[in-house]
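Geometric and topological summary
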Amino acid sequence: MTVEEYNKAVDKYADNLYRFVLKNLKDDHMSNDIVQDTFEKLWVKLENVSGLKVKTYLFTSAYHTMIDYIRKERKYSDVDLNNAYEPSHSAHYSDLGEILEQAVENLPEDQKAVVMLRDYEGYSYREIAEITDLSETQVKVYIYRARIYLKNYIGSMERVI
Amino acid sequence: MDINRNNYEAYLLDLMEGRLSDSDQQKVKDFLILNPDCSPPVFNSELRVLENSEIVYSGKQKLKKEFPNSDSGITESNFDLFSIARMEGDLTATQERDHQQLVEGDEEKSVNWSQWQHTRLVAPNVEYRGKSRLKRKTGLKRGIIWLSVLSSAAAIALLFTLLRVDTNVDRAPTVVNPPSFEGLDAPSSGEDADPPMLAEKSLAIADDPVLFSIKKNTDGPVESVGKGERLSPEVTQDTLLPVESKKVEPRPLRLAANKPNSALAVHVADYDQIKPLNIPPTKVSITNLSLSQIAEIDIQETLDAYTEKKDISLWSIANAGIKGINKITGADMSLLAARDERGDLSGFRFKSKRFSVSSPIERSE
């Protein structure tokens, strides 16, 4: 990969990468750090990364950095994960988009990341498996479970509204 | 087999699980007759083992999850899985048509399908504002490095040309009109008088015996100053000795670059003549770039990429190279150009603390 290709990759993928990390973490500062760190890693391995694989490389690197961060943060926080997965009927929503966004927030991290890679970036099961280090079947299961949860969440909130 | 009251339990277990031969089974039974208190309460010579039960869980089919494949048919029970599969684009055209028919024929399924479709995330427009910081300008940096290499190479090449001595040339020098030097590092007027230009490429100057003035220094090394250069205050006239021209033997200045076994010879003044120093062979490495790589560089193309001054000359590159060498080594060298009436380059003058050399440019029509 050449320097020109690297700079083109910044133009082409920095927004997507930032969106992916930001939507997962909801932390602008940390998302910035991860994007910078990811491109720094790409720069170090510039000659080993093919121009065709650069997007996958970026998302793979960012995903693992992000997951490591989440696990480290979770270790030090007292979040009640059992309640986090349940729909919150006390929240106020104005439209379906907000409901969906809240539903996505409640997804487990692995499901959330997989669905975002699928919907935001349009990756195939195989590509997502490559990025997340999961098997294709696992990816498929996570997407199916996430869809079922999102649909149930939307359905329950629609009834409330 | 030696059954006794200390080990009879092991033999009983073997008997129950059928691991004893007929004779050993008989020995165990004989032992139990003789020792009735060792007989287990439930033991009645029949093996007691748990039988496999035939209990069947009736809800197995409901637990099964099967992702639709190309052979799967849509049913009431797998409608949701088919809906997800349709969203993900996993269905064949036939399966998708079947699913659509089912949706259109059932209002509840239609609502259901609509909800499934709402689970697809819509990518928001998010702009990362730090892109400019992520970008690298190493191309320019590399270009500058290449330019520096080129400059140094050009400077060395010019020096080599200037200092090359042709011993077959007639030694009688012809003094030509001293040209004016207008190099980029030209000295201030009056401080440094330019030596006369010689019409041959030789360091030997017969008619001018004071090409090099030698300062006697009993303690330190001998120092030479070029003609016209300002002498330091401690140098008095009586410490200066004229150099006899006949003893001055021109010697070629050899430059070694990446050649193992080549010596770098330099000239120094030694009272009345110039001798080469015996410096052990030293490898001179310009950069880690191979000479073949340097040779492949298109100079003009490289320059065009990094300067808008398209007509930049080899002279400018050489001068930049010498500046660079000065900066790196702390030397005080300069390269001056002489121009004729038409403004064309007519000669060079290389000047350093140790010596000063001039040479005209031979132009072929």
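How each quantity is defined
- Residues numbered from 1 in each chain as written.
- Chains lettered and ligands numbered in written order.
- Predicted model: local features only at pLDDT ≥ 70, side-chain atom pairs only at ≥ 80, totals over all residues.
- Helix = DSSP H or I, 4+ residues; strand = E, 2+ residues; numbered from the N terminus.
- Buried ≥ 20, exposed ≤ 12 C-beta atoms within 10 Å, placed from the backbone.
- Contact = placed C-beta atoms within 7 Å.
- pLDDT = per-residue confidence, 0-100.
- Nonpolar A, V, L, I, M, F, W, Y, C, P; charged D, E, K, R; others polar.
- Pairing = 2+ DSSP bridges.
- Core = buried A, V, L, I, M, F, W, Y, C linked by C-beta atoms within 7 Å.
- Domains from an automatic or database assignment.

Digging into the overall build of chain A
- From N to C terminus, chain A includes eight helices and zero strands.
- Written out in order from the N terminus, the α and β elements of chain A read α-α-α-α-α-α-α-α.
- Looking at the 161 residues of chain A, the share that counts as buried comes to 34%.
- Taking as baseline every contact in chain A between residues at least 6 positions apart, the subset at least 24 positions apart corresponds to 65%.

What about the confidence of the model for chain A?
All names here are of chain A.
- Mean pLDDT for chain A: 84, with 84% of residues reaching 70 or above.
- Per-element confidence in chain A is highest for helix α7 (residues 125–132), whose mean pLDDT is 94, and lowest for helix α4 (residues 81–84), whose mean pLDDT is 47.
- Scored below 50 in pLDDT, residues 79–84 makes three contacts in the model with residues more than four places away or belonging to other chains.

Observations concerning unusual backbone geometry
All names here are of chain A.
- Of note in this structure, Lys26 is not a glycine but carries a positive phi near 60°.
- Position of Lys26 among the secondary structure elements: in the loop between α1 (3–25) and α2 (28–44).
- Positive phi values are uncommon outside glycine, yet Asp133 reaches one of about 65°.
- With respect to the secondary-structure elements, Asp133 resides in the loop between α7 and α8 (136–160).
- Classification of Asp133 as exposed rests on a count of 11 C-beta atoms within 10 Å.

A word on the interface of chain A and chain B
- Across the contact, 30 residues belong to chain A and 21 residues belong to chain B.
- Mapped by element, the contributors of at least two residues to the side of chain A that touches chain B are α1, α2, α5 (96–106), α6 (109–119) and α8 of chain A.
- Sorting elements by how many residues they give to the side of chain A that touches chain B places α1(A) first, with ten residues.
- Counted by class, the side of chain A that touches chain B contains 19 nonpolar, four polar and seven charged residues.

Some points on the environment of Asp110(A)
All names here are of chain A.
- Within the fold, Asp110 resides in helix α6.
- According to the C-beta neighbour criterion, Asp110 is partly exposed, with 18 such atoms within 10 Å.
- Once the C-alpha coordinates of Asp110 and Ile143 are considered, the two residues, 33 residues apart in sequence, prove to be 9.6 Å apart.

Focus: the pairing of strand β7 (residues 334–339) of chain B
All names here are of chain B.
- Most of β7 sits out of view: five of its six residues are buried.
- As paired elements, β7 and strand β8 (residues 345–351) share six bridges and run antiparallel to each other. Paired with Leu335 across the two strands is Phe350, which belongs to β8.
- The antiparallel pairing of β7 with β8 creates a hairpin that spans five residues between the two strands, and Gly343 there sits at a positive phi of about 90°.

Remarks on the environment of Leu22(A)
- Here Leu22(A) shows up in helix α1.
- Overall, the presence of 19 C-beta atoms within 10 Å leaves Leu22(A) in the partly exposed class.
- Leu22(A) sits 44 residues away from Met66(A) along the chain, and the two C-alpha atoms are 9.8 Å apart.
- If we skip the residues at most four places from it in the chain, Leu22(A) touches Asp28(A), Ser31(A) and Val126(B).

A look at the nonpolar core
- Ranked by internal contacts, the top residues of the largest apolar core, which has 44 residues, are Leu17(A), Ala62(A) and Val114(A).
- Sorting the residues of this core by element identifies α1, α2, α3 (54–76), α5, α6, α7 and α8 of chain A as the ones contributing at least two each.
- If you tally residues by element for this core, the top one is α1(A), at nine residues.
- Split by domain, the residues of this core number at least three in each of domain 1 (1–78) and domain 2 (81–161) of chain A.
- Once residues within four sequence positions are removed from consideration, Ala62(A) is found in contact with Leu17(A), Phe20(A), Val21(A), Ile34(A) and Thr38(A).
- In terms of nonpolar packing, the next biggest core, distinct from the first, is built from 15 residues, Leu150(B), Ala155(B), Ile317(B) and Phe350(B) among them.

Re the environment of Ala157(B)
- Summarising the element assignment, Ala157(B) is placed in helix α8 (residues 138–163).
- Taking the C-alpha atoms as reference points, Ala157(B) and Ala318(B), 161 residues apart in sequence, are found 8.4 Å from one another.

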